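# Examining the three-dimensional arrangement
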Amino acid sequence: MPGLLRGVARTAVVAGTATAVSNRVSRRQQGRWAAQQGYEQQPAEPPPAAAPAAPAPQPADSMESKLDQLKQLGELKEQGVLTEAEFEQQKRRILG
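Just so you know, these numbers come straight off a predicted model, no measurement behind them.

Our focus in this paragraph is the pattern of salt bridges. Taken as a whole, this structure holds three salt bridges when the rule is applied. In this structure, Glu78 and Arg24 form a salt bridge, with 3.8 Å as the shortest nitrogen-oxygen distance. In this pair, Glu78 is assigned in helix H2 (residues 63-78) and Arg24 in helix H1 (residues 2-40), connecting sequence segments 54 residues apart. Exposure remark for Glu78: the relative accessible area of 60% places this residue in the exposed category. Of the residues examined, Arg24 reaches a relative accessible area of 27% and is grouped as partly exposed. Among the ionic pairs, Glu88 bridges to Lys91, the shortest N-O distance being 3.5 Å. Here the residue Glu88 and the residue Lys91 both occupy positions in helix H3 (residues 84-95), the gap between them amounting to three residues, near one helical turn. Of the residues examined, Lys91 reaches a relative accessible area of 27% and is grouped as partly exposed.

Reading the values: the criteria
Residues numbered from 1 in each chain as written. Predicted model: local features only at pLDDT ≥ 70, side-chain atom pairs only at ≥ 80, totals over all residues. Heavy atoms only, no water. Salt bridge = Lys/Arg side-chain N within 4 Å of Asp/Glu carboxyl O. Helix = DSSP H or I, 4+ residues; strand = E, 2+ residues; numbered from the N terminus. Buried < 20%, exposed > 50% of the residue type's maximum accessible area, 1.4 Å probe, protein only.

Structural data, given as structure tokens:
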């Protein structure tokens, strides 16, 4: 029974990781296509600004959770979801 449980858990982890990677690749590709189309034809109006996504609440004092939140913020900034000012504000909030 432990072998079966371990196999199921491993499959869940692999599937979850594959899904996360696939979604990120899809978002990046869509961003590249959108940027490419933007160069070919200028849109009539700028796209609406996305609301900054706050990281999921985690235990406040856990150093590991703070690092995870900072990594997520960095990814959002890289993707252009957060501006530099929003990034700094959220970073200060996480670090206290």
